[in-house]
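# Fold and geometry: a report
The lines below spell out each chain.
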Amino acid sequence: VQLQACGGGLVQAGGSMRLSCAASGLTFSSYDLAWFRQAPGKEREFVATISRSADSTYYAVAVKGRFTISRDNAKNRVYLQMNNLKLEDTAAYYCAAVWARQNIQTTNSDEYGYWGPGTQVTVSS
């Protein structure tokens, strides 16, 4: 299984950025997908998750209303649209996959068995 995130970079505060994560080696539509992030010196934290059929999403309070997670099962991709970016959004962003669950409203990274390498998002003032 491989997950590969891309789309990170440098953006000014208030700007937008879209991350993409391509998956291979798994039956994509059988997995819930999520984005996590980790800032320097901080623990990895949950950002957003989407159910396998895209009928349910769940967001961290810090990003709700600014970020949107989506997926395209035909392309084996999950996306994170980030709007109104803030300095505190600066972090390495990781996509992760877990076999579809009954309840997606969990934020525990230990649940996720597959991870991709991070893509760095830096928000400048």
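See the structure shown above.
In this report, we go over the structure that sits alongside the text. (Residues numbered from 1 in each chain as written. Predicted model: local features only at pLDDT ≥ 70, side-chain atom pairs only at ≥ 80, totals over all residues. Heavy atoms only, no water.)

### Side note on the packing of aromatic side chains
For the record, the criterion: Here a pair means two rings of Phe, Tyr or Trp (six-membered ring of Trp) with centres within 6.5 Å. Their orientation is stacked below 30 degrees between planes, edge-to-face above 60, and tilted elsewhere. Every helix listed is a DSSP run of H or I at least four residues long, and every strand listed is a run of E at least two residues long, numbered separately from the N terminus. We call a residue buried when its accessible area falls under 20% of the maximum for its residue type, exposed when it is over 50%, and partly exposed in between, using a 1.4 Å probe and counting protein chains only.
Per the counting criterion, the structure on display carries seven aromatic pairs. Judged by centre distance (6.0 Å) and plane angle (65°), the rings of Tyr 31 and Tyr 114 are edge-to-face. Highlighted residues: Tyr 31 in strand E4 (residues 31-38) and Tyr 114 in strand E10 (residues 114-115), separated in sequence by 83 residues. Relative accessible area serves as the criterion here: at 10%, Tyr 31 is assigned to the buried category. Since its relative accessible area comes to 33%, Tyr 114 is described here as partly exposed.

### What about the side chain of Arg 37?
Put simply, the rule is: Nitrogen and oxygen atoms within 3.5 Å of one another constitute a polar contact, given that in protein one can donate a hydrogen and the other can accept it, and given that sequence-neighbouring residues count only through two side-chain atoms.
Tracing the chain through its elements places Arg 37 in strand E4. Judged by relative accessible area, Arg 37 falls into the buried class, the value being 5%. At 2.5 Å, the side chain of Arg 37 and the side chain of Glu 45 are in polar contact. There is a polar contact of 2.9 Å between the side chain of Arg 37 and the side chain of Tyr 93.

### Structural notes on the state of the cysteines
Cut-off, in case you're wondering: Disulfide assignment relies on a single distance test, namely cysteine sulfur atoms paired within 2.5 Å.
Inspection of the entire model under this criterion finds one disulfide. Here Cys 21 engages in a disulfide with Cys 95; their sulfurs sit 2.0 Å apart. Residues Cys 21 and Cys 95 share a disulfide whose torsion about the S-S bond is about 50°; that sign makes it right-handed. Residue Cys 21 is located in strand E3 (residues 17-24), and its partner Cys 95 is located in strand E9 (residues 91-99); the two are separated by 74 residues in the primary sequence. Residue class for Cys 95 comes out buried when judged on its relative accessible area of 0%.

### Looking at the nonpolar core
Test applied: Here, nonpolar core refers to any group of buried Ala, Val, Leu, Ile, Met, Phe, Trp, Tyr and Cys residues whose side-chain atoms link them within 4.5 Å. Two residues form a contact once any of their heavy atoms are found within 4.5 Å.
If you look at the biggest cluster of nonpolar residues, it comprises 37 residues, and the most contacted ones within it are Trp 35, Leu 80, Met 82 and Tyr 93. Every element with two or more residues in this core is listed here: strand E1 (2-6), E3, E4, strand E5 (45-50), strand E7 (67-72), strand E8 (77-82), E9 and strand E11 (119-124). Among the elements that make up this core, the one with the highest residue count is E9 (six residues). Not counting chain neighbours up to four residues away, the residues in contact with Met 82 comprise Gly 15, Ser 16, Met 17, Leu 19, Arg 66, Phe 67, Tyr 93 and Val 121.

### Quick look at the pairing of E1
A regular strand places its side chains on the two faces of the sheet in alternate fashion. The line we're drawing: Two strands make a pair as long as DSSP finds a minimum of two bridges between them.
Of the two faces of E1, only the one carrying Leu 3 and Ala 5 is buried; Gln 2, Gln 4 and Cys 6 on the other face are not. Looking at chain direction, E1 and E3 are connected through five bridges and run antiparallel. Paired with Cys 6 across the two strands is Ser 20, which belongs to E3.

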